[in-house]
Each structure stands twice: as C-alpha cells, then as structure tokens.
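So the chains spell out like this:
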Amino acid sequence: MNDTRRKKIKEIYEKIEDIKSDIEEVLDEEQNALDNMPESFECTERYAIAENAVENLDSAIMELDEALEYLGEAKS
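What you are looking at is a predicted structure, and each value in this text was computed from that prediction instead of being measured.

Caption draft 1: Expanded view of the pattern of salt bridges. Summed over all chains, the structure comprises four salt bridges. In this structure, E24 and K20 form a salt bridge, with 3.8 Å as the shortest nitrogen-oxygen distance. Of this pair, E24 and K20 both sit in helix 1 (residues 3-35), four residues apart, roughly one helical turn. Given a relative accessible area of 30%, E24 falls into the partly exposed group. The class for K20 is buried, based on a relative accessible area of 17%. Put simply, K20 and D65 hold a salt bridge, and the shortest N to O gap is 2.6 Å. Here D65 lies in helix 2 (residues 45-75) and K20 lies in helix 1, a separation of 45 residues in the sequence. Exposure remark for D65: the relative accessible area of 33% places this residue in the partly exposed category.

Procedures and definitions
Residues numbered from 1 in each chain as written. Predicted model: local features only at pLDDT ≥ 70, side-chain atom pairs only at ≥ 80, totals over all residues. Heavy atoms only, no water. Salt bridge = Lys/Arg side-chain N within 4 Å of Asp/Glu carboxyl O. Helix = DSSP H or I, 4+ residues; strand = E, 2+ residues; numbered from the N terminus. Buried < 20%, exposed > 50% of the residue type's maximum accessible area, 1.4 Å probe, protein only.

So, in structure tokens, the structure goes:
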C-alpha cells in the first residue's frame with residue numbers, strides 16, 4: 001500500500017474514532033438517564049425506548065470497534 005492510501009485510511013480511522021467517542025458520550029448520558037428512572041417506569045414504553053437506545057448505541061460502538069480493527073490491519 002502506498003503512502004497516499006495509508007494516509008487516507010489513517011484519516012478515516014481518526015474520523016471513526018471521533019464518531020465512536022461521540023456515541024460513547026450519548027450512550028453514557030442515556031445509560032445514566034435509564035439508571036435514574038424511577039422503578040415505577042420500568043414497565044413503561046418510555047423505559048423500553050431508553051433501554052433499546054442503550055442497547056443499539058452499545059451495538060454501534062462494537063461495530064465501530066470492529067471497523068477500526070479492520071482499518072488498522074489494512075494500513076499495517
């Protein structure tokens with residue numbers, strides 16, 4: 001791989017890291033909101049939506065980790 005393509009992969013890698021960091025912040029906020037919901041909300045639609053958001057954000061982070069791993073291998 002030439003330096004130009006390696007540099008482009010590095011730039012993409014850094015962008016994904018930034019996006020992952022942003023998602024982690026949102027996940028932390030959503031998890032905190034979920035953890036601080038009163039017990040009486042546990043069987044409500046609002047709770048289910050928040051719980052689903054946490055699960056999906058966590059999945060997105062795991063997928064980005066996998067993408068970062070592949071990009072890291074590609075630029076090596």
